[in-house]
Amino acid sequence: MNAANFLSVVAESAVRQIVTRKMAYDAIRQAFESVANKRAEVFPVAFARGFGEKEMFGVKSGADAASNNLGLKIGSYWAGNNARGLPAHGSTIVLLNAATGFPEALIGAAYLNGYRTAAANAIAVDYLARKDATILGVIGAGHQAEHEIRAIAEVRPLQHIKVFTRSAARSAWLAGRLQDMDVHIEFTTAENAVRGSDIVTTVTPSTTPVVQAGWVDQGTHISAMGADARGKHELDTALVDKSRLFADLPAQSVEIGEFQHAFTNGAITSADRICPIGNVTQGNSPGRSNEQEITIFDSSGIAIQDLSIARVVLNVAIEEGLVNRVEL
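As a starting point, this report considers the structure included with it.

Basis of the calculations
Here the residue numbering is sequential within each chain, running from 1 through the sequence in written order. Reporting of local features is limited, given that this is a predicted model, to residues whose pLDDT is at least 70; pairs of side-chain atoms are given and counted only at 80 or more, and all residues count toward the totals for whole chains, interfaces and linings. Side-chain measures were taken over the full set of non-hydrogen atoms in the model, leaving aside hydrogen atoms and water. Two strands pair under a simple rule: DSSP has to find at least two bridges between them. Helix and strand labels come from DSSP, where a helix needs a run of H or I of at least four residues and a strand needs a run of E of at least two; each type is numbered from the N terminus. Between two residues, a contact is recorded if the distance between any of their heavy atoms is within 4.5 Å. Helix axes are fitted only over the stretch in contact, all axes being lines through C-alpha atoms; the angle between N-to-C directions runs from 0 to 180 degrees. Salt bridges are counted wherever a side-chain nitrogen of Lys or Arg sits within 4 Å of a carboxyl oxygen of Asp or Glu. The cut-offs for exposure are 20% and 50% of the maximum accessible area for each residue type, with area from a 1.4 Å probe on protein chains only; residues under the lower value are buried, those over the upper are exposed, and the others partly exposed. We call a set of buried Ala, Val, Leu, Ile, Met, Phe, Trp, Tyr and Cys residues a nonpolar core when their side-chain atoms join them within 4.5 Å.

**Re the sheet that holds strand 9 (residues 160-164)**
- A sheet is described by the order of its strands in space; here 8 strands give the open sequence 10-9-8-11-12-15-13-14, paired in parallel fashion. Because the sheet does not close on itself, it has two edges, and the strands there are strand 10 (184-187) and strand 14 (275-276).
- In terms of strand pairing, strand 8 (residues 135-139) meets strand 11 (residues 199-202) through 4 bridges, oriented parallel. The residue bridging Leu136 from the neighbouring strand is Ile199, located in strand 11.
- Packing against the sheet, helix 3 (residues 110-128) makes contact with strand 11, strand 12 (221-224), strand 13 (243-247) and strand 15 (294-298), and its axis sits at approximately 160 degrees to strand 12.

Here is the structure:
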């Protein structure tokens, strides 16, 4: 039987054993650089609905010639899953065999998605935030917020974290999750979380701005992590006029990312104004140019990120005997 007729399945439990923040950082950086070098192609995102209210899924696909890697990720949101004892958000990555086009691997990626997204943030902070940045403001306290905080703490010596959430339950949950970190954590208003922070990260599904331009000090770096569909909106578009702009994929950022609103109202007239973060990591474009500059990184999420980290996880899973082989 031809090997192309077999599928390697990596379960979520195996992913949890394998993935590390450094692994994610290195894989996502490679993905960003492939995109910036135009060695990778990202295809249009397809959005679809389930049969019930608040049931939706999206498919992100891509092909990376630099690593001979191609496939897709299915991300789903089923609000009713909480009542079933299941996560509302689901994520599954399918890697294709580049020679045959057959599915090569199926990877349970909900936990992996947290690492992948946070790694993008860590890379942006590493290359764009001031070197002396120690105060982090976080807007949102969902599951992804923990990943973002821990990833940022890997690249900057955080001393104070200010978190805004409207939910007392989320505050208590996040405080419990982060109690091992040797850093002062404060739950406060959105304005106070932003004012005086060296780094600000937004991790919300908001469709109205939660960060106002007047709150942001000179020299701040902002990572907008929540906008990944039309209508989502976390930052006051007035911030765009006084900031330098970066993104995982500029063309996508003006379509479904945070910069879609500035593009629509004319504050951004072309995606060319936005620098691919992969150009910065390679030294082909400057990052922060001075200590007073405000920088914004928009992460709308691209399939090449998913494929890159999934391939690394698959290779380790095979080496460690953590895959299940299924005949197709």
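Moving on from the model shown.
**Some points on the pattern of salt bridges**
- Counting across every chain of the model gives 15 salt bridges.
- The salt bridge partner of Lys73 is Asp306, with a shortest N-O separation of 3.3 Å. You can see Lys73 sitting in strand 5 (residues 69-78) and its partner Asp306 sitting in helix 11 (residues 303-319), a full 233 residues away along the chain.
- Overall, the relative accessible area of 2% leaves Asp306 in the buried class.
- One network of salt bridges, with partners in common, ties together Glu146, Arg150, Arg177 and Asp180.

**Some words on unusual backbone geometry**
- Residue Lys38 is not a glycine yet carries a positive backbone phi of 60 degrees.
- Examined against the element boundaries, Lys38 turns out to sit in the loop between helix 2 (21-36) and strand 2 (40-42).
- You can call Lys38 exposed: its relative accessible area is 72%.
- Positive phi, normally seen in glycine, also occurs at Lys54, with a value near 60 degrees.
- As for its position among the elements, Lys54 is in the loop between strand 3 (46-49) and strand 4 (55-64).

**Points about the nonpolar core**
- Residues Ile107, Leu112, Ile161 and Phe297 are the most contacted members of the largest nonpolar core, which totals 64 residues.
- For this core, the element with the highest residue contribution is helix 3, accounting for 11 residues.
- Those residues within four positions of Leu112 in sequence are excluded, and the remaining contacts are Glu12, Val15, Val19, Ile93, Ile107, Ile309, Ala310 and Val313.
- Core analysis: the second largest hydrophobic core is formed by 26 residues, Ala190, Val211, Leu235 and Leu239 among them.

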